[in-house]
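Residue-level structure breakdown
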Amino acid sequence: MTNEQTDRTVTTQGSTATPGQEAVPPSTAQETVRTDSRRTSSMSTGGSELTRRVVVLVFGLIQLVIGLRFVLLLLDAREANDLVSFILNLSQLFVAPFDGILRTDALHAAGSTLDITAIVAFVGWTILELIIIWAVGIFRRERA
């Protein structure tokens, strides 16, 4: 989107009469005209851009929760903690559709858990995000 803006300043200057000189009549006063022309280009956020931003925000929050799940299980966080329990329960909503895709869902060693399902879910949600952003981009109108 391009906006054209023209500023025009008109200044009228009359001569000042000093003692011994005659004043210039107003009809012969000197006029100074200054015209500034600016062309600014700005991109307004249209409907498709706003939709793209909302999609990126929502999927970013989903990916954040899945990433926190992965880290908490890898660090063997105490599940009795309310915050850890909340994050694990919330992330289970987003990981559950990908549960059982692979033969092994998690690897356990010395109390830590490498949650393979969370990794698959992270990749799956990212692919879904890219597909939705691509679909929204199809309907974007480019101005000539």
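Residues numbered from 1 in each chain as written. Predicted model: local features only at pLDDT ≥ 70, side-chain atom pairs only at ≥ 80, totals over all residues. Heavy atoms only, no water.

Right, let's get into the packing of aromatic side chains. According to the stated counting rule, one finds three aromatic pairs in the structure shown. Between Phe59 and Trp125 the ring centres are 5.9 Å apart and the planes differ by 50°, which places this aromatic pair in the tilted class. Here Phe59, found in helix H1 (residues 47–74), pairs with Trp125, found in helix H3 (residues 116–138); they are 66 residues apart in sequence, far enough to count as distant. By the burial criterion, Phe59 is buried, and Trp125 matches it. Residues Phe98 and Trp125 carry aromatic rings whose centres are separated by 6.1 Å and whose planes lie at 70° to one another, so their mutual orientation is edge-to-face. With a gap of 27 residues between them, Phe98 in the loop between helix H2 (82–95) and strand E3 (106–109) and Trp125 in helix H3 connect regions that are remote in the sequence. The same class applies to Phe98 as to Trp125, namely buried. (Phe/Tyr/Trp six-rings, centres within 6.5 Å; stacked < 30°, edge-to-face > 60°. Helix = DSSP H or I, 4+ residues; strand = E, 2+ residues; numbered from the N terminus. Buried < 20%, exposed > 50% of the residue type's maximum accessible area, 1.4 Å probe, protein only.)

This part takes up unusual backbone geometry. Backbone geometry at Asp76 places phi at a positive 55°, although glycine is not the residue there. Mapped onto the secondary structure, Asp76 falls in the loop between H1 and H2. Phi at Ala110 is positive, roughly 50°, even though this residue is not glycine. By the element assignment, Ala110 lies in the loop between E3 and strand E4 (112–115). Ala110 gets classed as exposed once you look at its relative accessible area, which sits at 87%.

A few words now on the pairing of E3. Relative to E4, E3 is paired through four bridges, and the arrangement is antiparallel. Opposite Ala109, over in E4, you have Ser112 as the bridge partner. Count of turn residues in the E3/E4 antiparallel hairpin: two residues, of which Ala110 carries a positive phi of about 50°. (Pairing = 2+ DSSP bridges.)

We now examine the confidence of the model for the protein chain. Chain-level statistics for the protein chain give a pLDDT mean of 81 and a share of 66% at 70 or above. Within the protein chain, no element has a lower average pLDDT than strand E1 (residues 2–13), which sits at 59, and none a higher one than H2, at 96. (pLDDT = per-residue confidence, 0-100.)

Before going further, it helps to spend a moment on the nonpolar core. Side chains of a nonpolar character, in soluble globular proteins, are inclined to be buried together. Val55, Phe59, Ile62, Ile66, Val95, Phe98, Ala118, Ala121 and Trp125 together form the largest nonpolar core, which totals nine residues. Those elements giving two or more residues to this core turn out to be H1 and H3. Top element by residues in this core is H1. It accounts for four residues. Dropping the residues within four chain positions of it, Val55 is found in contact with Glu129, Ile132 and Ile133. Residues Leu72, Leu73, Val84 and Leu88 belong to the second largest nonpolar core, which totals five residues. (Core = buried A, V, L, I, M, F, W, Y, C linked by side-chain atoms within 4.5 Å. Contact = heavy atoms within 4.5 Å.)

A word on the pattern of salt bridges. Taken as a whole and judged by the stated rule, the model has three salt bridges. With a shortest N-O distance of 3.3 Å, Arg53 and Glu49 are connected by a salt bridge. A residue pair is termed a helical-turn pair when its members lie 3 or 4 positions apart in one helix, as Arg53 and Glu49 do in helix H1 at four residues. The class for Arg53 is partly exposed, based on a relative accessible area of 47%. Glu49 sits in the buried class, given a relative accessible area of 17%. Through salt bridges with shared partners, a single network forms among Glu49, Arg52 and Arg53. (Salt bridge = Lys/Arg side-chain N within 4 Å of Asp/Glu carboxyl O.)

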